[in-house]
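Observations on the model geometry
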Amino acid sequence: MDPENRKATNQKREGNVVRLYFAYCVVIDGVTYKTGMGDSKKKARVRAAELALMELLPKLERKNSVLNDAVGRKDAINSQIPHVVRDQLNKLMNNHPEFSDCAGTVAAFIIQTSGKYKVVALGTGNFNTKEDFCSSGRIVHDSHAIVTARRSLMRFLYRHLLMFFSNIDGLKETSIFECNSASGFFSLKSGITFHLYVNRLPKCAPQILSRMRLNPFSPSSLQANLAISLHLSVEGRVFSVFSSTTDTSANKIVSMSSTDKLTQWQVLGYQGALLSHFIEPIYVESIFIGKCDSGGTDVYGLEISVSQRVEGITSQLPLYYCSIRPQISLVPPVAAHSVSSESVTYSVNWTEGDSSLEVVDGLEGKTTERSPFQSGPTLASRLCKAAMLHRFKLVASNAQRQDLVATSCYREAKTKAKPYQEAKGMLKAYLSQQRFGSWLVKPSAVDNFTS
């Protein structure tokens, strides 16, 4: 209560005695509450406070109730997400225990509908291929868990687009998509959201403690700036794009780090260029990280990388694209973090509707001969670019988009996604302008293949 907000004192006659009364009122955020009066300053202030509290307490109780409900919902989802991921992972691994060492790196996408959660795409892995880029589109060059899970999610999205175009009774209604007449694209039905679970922090995620306060010119600040710069993944290790020790020679497969790809997907969407011909961008609402048993897991650095590096970019992006800031939380891990899981070169993938999982050799980029699912004698993975191009042409045909069916190669199909490519160009330019580094440019020949 500010003395400047007190009312003028009043005089009151009681019999032949004139008594002096004081008047005060409470002002909070420009709102003036009822005046309290008393024969002393103290009593007047107390009465003013009482009158203000009589108005404020019901409002605060309602606000606390809303906050408690929100906290309750957050606690519920924080416990349910690991539960559903663990259940699905155990189902897959119980059927194929020989691949259980892959579980430690798992990442999964979860769909939420009407308060229910279900895993729809899952992947494991920790490596890039050891060979040079393949121009046939039939080699999976990046088999890190997040990338594998995301490509499995793309298969899920293609499947639901095909369900929408299906003539089978009832199948169209079960699709997650509906046609948005205003935009001309397909959008998620109301009430559907996606979440991402990652069993451990990506190895390239900056380790910056949330309580740390940095002097702009201190060595620690310089290290932090380097940590949140763009990073490259080379042979299972990550390097800053500013690092002089990065080996990006022609015979090594180099890709952007998983953390940087998360940053990209939270701006461009997880659907990629080809699917953006048909659907609006798909974003995740929350990212859940399995907490390391030994402690030391802090998501502050990941929050900076995924969200703060691209703050302010939305106004520059084409229609339907924006920078989505996900809620990032620590939750119990669904599988043990072990040294053996880090060294396993196999990558497992699964999408809802699959009869069995597929196992890819991360160093070779092809399905292993022991894989429960194999697409054919060439051992090309169902996640490879050629397989995605085939699904793209299938959806284009069902959508009667002859302009897309007629595309001659994968690169042309990507290039024709004009708004997506515009948003991607703006993202790369923005990161460079903010001095986070330059995005990796891959050889154009790797996408010049046909289906």
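A short tour of the structure in this document, coming up. (Residues numbered from 1 in each chain as written. Predicted model: local features only at pLDDT ≥ 70, side-chain atom pairs only at ≥ 80, totals over all residues. Heavy atoms only, no water.)

**Observations concerning the sheet that holds strand S14 (residues 346-351)**
Inclusion rule: Should DSSP find at least two bridges between two strands, the strands are regarded as paired. Each helix is a run of H or I in the DSSP string that is no shorter than four residues. Each strand is a run of E no shorter than two, and both are numbered from the N terminus. Whether two residues are in contact is decided by their heavy atoms: any pair within 4.5 Å suffices. Working convention: axes come from line fits to C-alpha atoms, limited for helices to the stretch in contact. Angles between N-to-C directions cover 0 to 180 degrees.
Reading across the sheet, the eight strands line up as S13-S12-S8-S4-S5-S14-S15-S16 and stay open at both edges, with mixed pairing between neighbours. Only two strands of the sheet have a single neighbouring strand rather than two, namely strand S13 (327-331) and strand S16 (366-367). Pairing geometry for strand S4 (residues 107-113) and strand S5 (residues 116-123), over seven bridges, is antiparallel. By the bridge assignment for S5, Gln112 is matched with Tyr117. Contacts between helix H2 (residues 145-164) and the sheet are confined to S4, S5, strand S8 (192-198) and S14, with S5 contributing the most and set at about 115° to the helix.

**Notes on the side chain of His141**
Position of His141 relative to the elements: it lies in the loop between S5 and H2. Discounting residues that sit within four places of it in the chain, His141 has contacts with Phe127, Asn128, Thr129, Asp132, Phe133, Cys134 and Ile253.

**Some thoughts on the packing of aromatic side chains**
Describing an aromatic ring pair means giving the distance of the ring centres and the angle of the ring planes. This is how it is decided: What counts as a ring pair is set by centres within 6.5 Å for rings of Phe, Tyr and Trp (its six-membered ring), and what kind of pair is set by the plane angle: stacked under 30 degrees, edge-to-face over 60, tilted for all other angles. For each residue, the accessible area found with a 1.4 Å probe, counting protein chains only, is set against the maximum for its type, and the residue is called buried under 20%, exposed over 50%, and partly exposed in between. Charge-over-ring contacts are defined here by two conditions on Lys NZ or Arg CZ: a distance within 6 Å of the ring centre and an angle within 35 degrees of the ring normal.
What the rule picks out here adds up to eleven aromatic pairs. Geometrically, the ring pair formed by Phe164 and Phe186 is edge-to-face, given 4.7 Å between the ring centres and 70° between the ring planes. Residue Phe164 is located in helix H2, and its partner Phe186 is located in strand S7 (residues 186-188); the two are separated by 22 residues in the primary sequence. Taken as a pair, Phe164 and Phe186 share a single burial class, namely buried. A ring pair is formed by Phe165 and Phe186, whose centres lie 5.6 Å apart and whose planes are at 85°; its orientation type is edge-to-face. Taken as a pair, Phe165 in the loop between H2 and strand S6 (177-179) and Phe186 in strand S7 lie far apart in primary sequence, 21 residues in all. We classify Phe165 as partly exposed; its relative accessible area is 21%. Here the aromatic cluster, defined as three or more aromatic residues joined through ring pairs, consists of Phe109, Trp265 and Tyr270. Taking the ring centre of Phe436 as reference, the NZ or CZ of Arg309 above it sits at 5.8 Å. The ring centre of Phe373 lies 4.6 Å from the NZ or CZ of Arg382, which sits over that ring.

**Observations concerning the pattern of salt bridges**
Put simply, the test is: Here, a salt bridge means any Lys or Arg side-chain nitrogen found within 4 Å of an Asp or Glu carboxyl oxygen.
What the rule picks out here adds up to 13 salt bridges. Residues joined by salt bridges that share partners form a network here, namely Arg155, Arg159, Asp354 and Arg382.

**Digging into the environment of Thr129**
Structurally, the position occupied by Thr129 is in the loop between S5 and H2. In this structure, the C-alpha to C-alpha distance between Thr129 and Gly236, residues 107 residues apart in sequence, is 9.4 Å. When residues no more than four places from it in sequence are discounted, the contact partners of Thr129 are Ile139, Val140, His141, Ile253, Gly362, Leu363, Glu364 and Gly365.

**What to know about the sheet that holds strand S9 (residues 231-234)**
Whenever strands of a sheet pair, they do so through backbone hydrogen bonds, lying parallel or antiparallel. With respect to topology, three strands assemble into an open sheet ordered S10-S9-S11, the strand pairing being antiparallel. What marks the edges here is a single partner per strand, and that holds for strand S10 (237-240) and strand S11 (254-256). In this sheet, neighbouring strand axes are inclined to one another by 35° on average, regardless of whether the strands run parallel or antiparallel. Bridge analysis of S9 against S10 gives four bridges, and the strand direction is antiparallel. Bridging across to S10, His231 finds its partner in Ser240.

**Description of the environment of Leu357**
Along the chain, Leu357 turns up in the loop between S14 and strand S15 (358-361). Judged by its relative accessible area of 0%, Leu357 is buried. Along the primary structure Leu357 and Leu122 are separated by 235 residues, whereas in three dimensions their C-alpha atoms are 9.5 Å apart. If we ignore the near neighbours within four places in the chain, the residues touching Leu357 are Leu92, His96, Phe99, Val348, Asn349, Ser371, Pro372, Phe373 and Arg382.

**Here we look at helix H8 (residues 385-398)**
This is how the line gets drawn: Expected span of a helix: the number of residues minus one, times 1.5 Å.
Between its terminal C-alpha atoms H8 stretches 20 Å, which fits the 20 Å expected from 14 residues at 1.5 Å a residue. Buried within H8 are the following residues: Ala386, Ala387, Met388, Leu389, Arg391, Phe392, Lys393, Val395 and Ala396. Those residues of H8 that are buried are in contact with H2, helix H5 (272-275), helix H9 (402-405) and helix H10 (410-415).

**Topic: the nonpolar core**
Our working definition: Take the buried Ala, Val, Leu, Ile, Met, Phe, Trp, Tyr and Cys residues and link them wherever side-chain atoms come within 4.5 Å; each set so joined is a nonpolar core.
Within the largest apolar cluster, 55 residues are counted, with the highest numbers of intra-cluster contacts made by Phe109, Leu153, Leu157, Phe194, Phe278 and Ile279. It is H2 that provides the largest number of residues to this core, a total of eleven residues. Setting aside residues no more than four positions away along its own chain, Leu157 makes contact with Ile176, Phe177, Phe194, Gln271, Leu275, Ile279 and Ile282. Of all hydrophobic cores here, the second largest spans 26 residues; its members include Met93, Cys102, Leu122 and Val331.

**So, the pairing of S5**
Within S5, six of the eight residues are buried, which leaves it mostly tucked inside the rest of the structure. As defined by bridge partners, S5 adjoins S14 across three bridges and the pair is classed as antiparallel. Its bridge partner lying in S14, Leu122 is registered against Trp350.

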